Amino acid sequence: MFRNVAVRATRLSGRRFQSTVSAPVFPQAEQTFTKLSQEEQTDVIRRLNDVMKADWRQVSLEDKKSLYYATYGPHNHRRPRIKPGDNTKVFIGVVATIAVSLTISTIVRNMVPKPRTMTKEWQEASNEYAKERNINPITGISSENYKGKGFVKTVF
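The structure displayed is predicted, hence computed values, not measured ones.

Calculation criteria
Residues numbered from 1 in each chain as written. Predicted model: local features only at pLDDT ≥ 70, side-chain atom pairs only at ≥ 80, totals over all residues. Heavy atoms only, no water. Patch = residues over 30% accessible without salt bridge, like charges linked within 9 Å, V, L, I, M, F, W, Y side chains within 5 Å. Areas by Shrake-Rupley, 256 points an atom, 1.4 Å probe, with all protein chains shown as cover. Salt bridge = Lys/Arg side-chain N within 4 Å of Asp/Glu carboxyl O. Helix = DSSP H or I, 4+ residues; strand = E, 2+ residues; numbered from the N terminus. Buried < 20%, exposed > 50% of the residue type's maximum accessible area, 1.4 Å probe, protein only. Axes fitted to C-alpha atoms, helices over the stretch in contact; angles between N-to-C directions. Parallel < 35°, antiparallel > 145°, perpendicular 65-115°, else oblique. Left-handed = near helix turned anticlockwise from the far one by under 90°. Contact = heavy atoms within 4.5 Å. Phe/Tyr/Trp six-rings, centres within 6.5 Å; stacked < 30°, edge-to-face > 60°. pLDDT = per-residue confidence, 0-100. Core = buried A, V, L, I, M, F, W, Y, C linked by side-chain atoms within 4.5 Å. Lys, Arg positive; Asp, Glu negative; His and termini not counted. Charge placed at Lys NZ, Arg CZ, Asp CG, Glu CD.

K.L.:
Any chance you could explain a nonpolar patch on the surface here in plain terms?
P.N.:
Together, Val90, Val94, Ile98 and Leu102 give the surface a local cluster of nonpolar side chains, amounting to about 370 Å² of exposed area. Turning to its location among the elements, valine 94 is positioned in helix H5 (residues 86–111). Judged by its relative accessible area of 44%, valine 94 falls in the partly exposed class.

Here it is as structure tokens:
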């Protein structure tokens, strides 16, 4: 057991330990990237792409974060278009539209004259006609022991 540790230590001592951390190309990208002009943003993205072509294990964590933010961050065309309060405006607009449509529908329905077939006299005459012609003799108005109203409706 101790022998394995000693062998491993001698193998490691022969290696050259080199720091993989270099100065970041663009530190604190989240705070400063959107404040740059379009040309400066393009230049930063070009430099970050050059860094990305190197060995990925040697790229610093700050550069990786900067590259991710420059590629996928909420800036330029990726900026959210919804502002705070927009959901409330949409909800109020939908409710107002539904209310207006129901109001118009009710007004139009009340302006239309009542059809002549919806009068109580017409419906009672339809009941008499159905009984004379023996319409629906099994379960309907012409059947024995029928207790329904027949064609008389009280909706209108």
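On we go from here.
K.L.:
Which parts of the structure should I look at to understand the packing of helix H3 (residues 38–52) against helix H4 (residues 61–72)?
P.N.:
Packed helix pairs are characterised by how far apart their axes lie and by the angle those axes make with each other. Contact geometry of H3 with H4 gives a least axis separation of 10 Å together with a crossing angle of 130°. The orientation of H3 relative to H4 falls into the category oblique. When you trace H3 past H4, the crossing you get is left-handed. Across the interface between the two elements, Ile45, Leu48, Asn49, Val51 and Met52 from H3 touch Asp63, Ser66, Leu67 and Ala70 from H4.

K.L.:
I'm lost on the packing of aromatic side chains in this one. Help?
P.N.:
Two aromatic rings, taken as a pair, are described by how far apart their centres are and by the angle between their planes. Throughout the structure, instances matching the rule amount to one aromatic pair. When the centroid spacing of 5.1 Å and the interplanar angle of 50° are considered together, the rings of tyrosine 68 and tyrosine 72 count as tilted. Separated by four residues within a single helix, tyrosine 68 and tyrosine 72 lie in helix H4, roughly one turn from each other.

K.L.:
Any chance you could explain the confidence of the model for the protein here in plain terms?
P.N.:
Detailed reading of the predicted coordinates is not advisable wherever pLDDT falls low. Here the protein shows a mean pLDDT of 79. Residues at 70 or above account for 80%. Looking over the protein, one finds the lowest element-wise mean pLDDT in helix H1 (residues 2–13), namely 52, and the highest in H5, namely 96. Low confidence marks residues 13–21, where pLDDT is under 50. Its contacts with residues over four positions away, or in another chain, come to three contacts.

K.L.:
How should the nonpolar core be read in this particular structure?
P.N.:
Among soluble globular proteins, nonpolar side chains are generally buried collectively. Counting seven residues, the largest nonpolar core consists of Ala29, Phe33, Val44, Leu48, Leu67, Tyr69 and Ala70. Looking at which element gives the most residues to this core, the answer is H4, with three residues.

K.L.:
Help me understand a negative patch on the surface in this model?
P.N.:
A cluster of acidic residues, Glu121, Glu124, Glu128 and Glu132, forms a negative patch on the protein surface. Here glutamate 128 shows up in helix H6 (residues 120–133).

K.L.:
Just to check I follow, could you spell out the pattern of salt bridges for this structure?
P.N.:
Close approach of charged atoms lets side chains of opposite charge pair. Applying the stated criterion across every chain, the model contains four salt bridges. Salt-bridge contacts for aspartate 43 lead to arginine 46; the nearest nitrogen and oxygen are separated by 2.4 Å. Highlighted residues: aspartate 43 and arginine 46, both in helix H3, separated by three residues, approximately one helical turn. Aspartate 43 gets classed as partly exposed once you look at its relative accessible area, which sits at 29%. A salt bridge links arginine 57 to aspartate 55; its shortest N-O distance comes to 3.6 Å. A relative accessible area of 68% places arginine 57 in the exposed class. Under the relative-accessibility criterion, aspartate 55 is labelled partly exposed at 33%.

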